[in-house]
Amino acid sequence: MTVRQVLRWAGLTAASVLFVYPFVWLLSASLKPRAQVFDNVLVPRTWAWDNYVEIWRAAPVAAWFANSVAVSLAAAAAVTLTSSLVAFGFAYFRFPGRNALFGLVLATMMLPGAVTMIPVYLIWNSAGLAHTQVPLWAGNLFGSAFYIFLLRQFFLGLPREVFEAARVDGANHWTLFWRIAVPLCRPALIVSFVFELKASWSDLLKPLIYLRDPALYTLPRGLKALSDQFGQAGEQRWEIVLAGSVITTVPLLIVFFLAQRHFLAGITTEGSRTTR
């Protein structure tokens, strides 16, 4: 190995340790008794497997987990479908003012979420849905500027001759989208789905605003309740809070490992288009 390769592998190893260490510490601390949680020893001197049993007794974690799965899947599916439809429209159709309208869509990314928080709440409240799980995912039915931009770039890279040939064979616009564009841009769609799945799964702000019934809590909202009960302002049982954090984090790690090849495929595809 050359010196350059050694330095590269050393840098990658150091970066990996830097990113992995917090989760290793979290997992270790969640398996310690209360007196040893913050001793900064990665291998527990005393293993407290009961922490994970206790958290299932202390809170309806199974219901929170099911709520998070339902909300996250609905949010990810809604934003992926609607954003891909809008992105395909901007990529395929030629009409006056297309670029200006696309720029206006992108400009909405500059609008802070705090600006629309109260108006959006008032809309859901007037619809009688303010204290349900609907506001946690239904807003994604209107698409997202970020995913529209991301998917549009992939759709623009598709050969237009393929669509023209399909039009000659009698394909309508929906067929062009669903039978040609979607299969060819599957990596980008999966990346958008996973990104939004992660964002919805870890979102705490919306559940704090809309959810009042503990039976409707998602995992982040339930973890906040556990922190209030067992954390700094509660019984000082941090091992319970940390066990809940592990339960919240592990599903995202599993999703990432299952979808990582699509991330790499998306990066490779976009890179090859850029170098042409």
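Preceding this paragraph is the structure being described.
> Hey, could you go over the overall build of the chain for me, with residue numbers and the actual values?
When helices and strands are tallied, the chain shows 12 helices and 0 strands. If one aligns the C-alpha atoms of the chain with their principal axes, the spans along those axes are about 70 × 65 × 30 Å. Put simply, the chain has 276 residues, and 38% of those count as buried. Looking at the chain as shown, the accessible area adds up to about 15,900 Å², and 69% of this sits on carbon and sulfur atoms.

> Any chance you could break down the packing of helix α8 (residues 173–184) against helix α9 (residues 186–201) for me, citing the residues and the numbers?
Contact geometry for α8 and α9: axes closest at 5 Å, N-to-C directions at 75°. Put simply, α8 runs roughly perpendicular to α9. In this structure, α8 uses Val 182, Pro 183 and Leu 184 to contact α9, whose residues at the interface are Arg 186, Pro 187 and Leu 189. A class-by-class count of the residues in the contact of α8 with α9 yields 5 nonpolar, no polar and 1 charged.

> Summarise the packing of aromatic side chains; cite the residues concerned and give the values.
Following the criterion strictly, the structure yields 20 aromatic pairs and no others. Where Trp 174 meets Trp 178, the ring centres are 5.7 Å apart and the plane angle is 5°; that geometry is what we call stacked. Here Trp 174 and its partner Trp 178 are both found in helix α8, 4 residues apart, which amounts to about one turn of the helix. Judged by relative accessible area, which is 47%, Trp 174 ranks as partly exposed.

> Would you mind going over the pattern of salt bridges in detail, with residue names and values included?
Applying the stated criterion across every chain, the model contains 7 salt bridges. Here Asp 39 ties to Lys 32 by a salt bridge, and the two come within 2.6 Å at their closest N and O atoms. Since its relative accessible area comes to 25%, Asp 39 is described here as partly exposed. When its relative accessible area of 1% is taken as the criterion, Lys 32 is described as buried. Salt-bridge contacts for Lys 224 lead to Asp 228; the nearest nitrogen and oxygen are separated by 2.9 Å. Taken together, the positions of Lys 224 and Asp 228, both in helix α11 (residues 219–230) and 4 residues apart, correspond to about one turn of that helix. Through salt bridges that share partners, Arg 34, Glu 54, Arg 237 and Glu 239 make up one connected network.

What counts, and at which threshold
Residues numbered from 1 in each chain as written. Predicted model: local features only at pLDDT ≥ 70, side-chain atom pairs only at ≥ 80, totals over all residues. Heavy atoms only, no water. Helix = DSSP H or I, 4+ residues; strand = E, 2+ residues; numbered from the N terminus. Buried < 20%, exposed > 50% of the residue type's maximum accessible area, 1.4 Å probe, protein only. Areas by Shrake-Rupley, 256 points an atom, 1.4 Å probe, with all protein chains shown as cover. Axes fitted to C-alpha atoms, helices over the stretch in contact; angles between N-to-C directions. Parallel < 35°, antiparallel > 145°, perpendicular 65-115°, else oblique. Contact = heavy atoms within 4.5 Å. Nonpolar A, V, L, I, M, F, W, Y, C, P; charged D, E, K, R; others polar. Phe/Tyr/Trp six-rings, centres within 6.5 Å; stacked < 30°, edge-to-face > 60°. Salt bridge = Lys/Arg side-chain N within 4 Å of Asp/Glu carboxyl O.

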